[in-house]
Amino acid sequence: GEEVCCVGGCSKYAQYQHAETGLMVCSIQCKLEALRQQGLELGGDLPDGWEQRKDERGRLYFIDHIRGVTQLHHPNRGSALSN
């Protein structure tokens, strides 16, 4: 059967699977909400629309889904995090 978005109250078709958690979601907004609900967002102090990830070398970087940009610096701290 077709997968449905895992966010409570959303019954849309889940077209994306979050790589780290396997959560099925319909949109970036629902992904961020699902991570918040699961308590799995690594950078819990990130502003709305931001996500923290690791690149293929294991280095942390940050994604601003609202503006569509990535950066190495935490948006609240202004400096790169050491791993």
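To be clear, the structure that these remarks concern was listed above.
A brief look at the structure comes next. Residue positions are counted from 1 within each chain, in the order its sequence is given. Only residues with pLDDT of 70 or above have their local features reported here, since the model is predicted, and side-chain atom pairs are shown and tallied only from 80 upward, although totals for entire chains, interfaces and linings are computed over all residues. Values reported for side chains reflect all heavy atoms of the structure, with hydrogen atoms and water molecules removed beforehand.

**Observations regarding the overall build of the chain**
Now for step 1: The helix and strand inventory of the chain stands at 1 helix and 5 strands.
Now for step 2: Scanning the chain from its N terminus toward the C terminus, one meets helices and strands in the order β-β-α-β-β-β.
Now for step 3: Throughout this description, buried means an accessible area under 20% of the type-specific maximum (1.4 Å probe, protein chains only), exposed means over 50%, and partly exposed covers the range between. In the chain, buried positions account for 35% of the 83 residues.
Now for step 4: Contact definition: two residues touch when any of their heavy atoms are within 4.5 Å. A sequence separation of at least 24 residues applies to 18% of the contacts in the chain between residues at least 6 apart.
Now for step 5: All accessible areas in this document rest on Shrake-Rupley with a 1.4 Å probe, and a residue is counted as covered only by the protein chains that are shown. On the chain, roughly 5600 Å² of surface is accessible, and the fraction owed to carbon and sulfur atoms is 46%. A run of H or I in DSSP becomes a helix once it reaches four residues, and a run of E becomes a strand once it reaches two; helices and strands are each numbered from the N terminus.

**Remarks on the sheet that holds strand S4 (residues 60-64)**
Now for step 1: Paired strands, in this sense, are two strands between which DSSP finds at least two bridges. Strand order in this open sheet of 3 strands is S3-S4-S5, and the pairing throughout is antiparallel. What marks the edges here is a single partner per strand, and that holds for strand S3 (50-54) and strand S5 (69-71). Taken pair by pair, the neighbouring strands of this sheet meet at an average axis angle of 30 degrees, ignoring direction.
Now for step 2: Relative to S5, S4 runs antiparallel, the two being bridged by 3 bridges. Following the sheet pairing, Asp64 is matched in S5 by Val69. Simply put, an axis is a line fit to the C-alpha atoms, just over the touching stretch for a helix, and the angle between two N-to-C directions goes from 0 to 180 degrees.

**Here's the deal with the pattern of salt bridges**
Now for step 1: Salt bridges are identified by distance alone: a Lys or Arg side-chain nitrogen within 4 Å of an Asp or Glu carboxyl oxygen. Taken as a whole, this structure holds 4 salt bridges when the rule is applied.
Now for step 2: We note a salt bridge from Glu51 to Arg53, for which the minimum N-O separation is 3.1 Å.
Now for step 3: On the basis of relative accessibility, which here comes to 2%, the residue Glu51 falls in the buried class.
Now for step 4: Judged by relative accessible area, Arg53 falls into the partly exposed class, the value being 26%.
Now for step 5: We note a salt bridge from Arg59 to Asp55, for which the minimum N-O separation is 2.8 Å.
Now for step 6: Here the salt bridges do not stand alone but share partners, grouping Lys31, Glu51 and Arg53 into one network.

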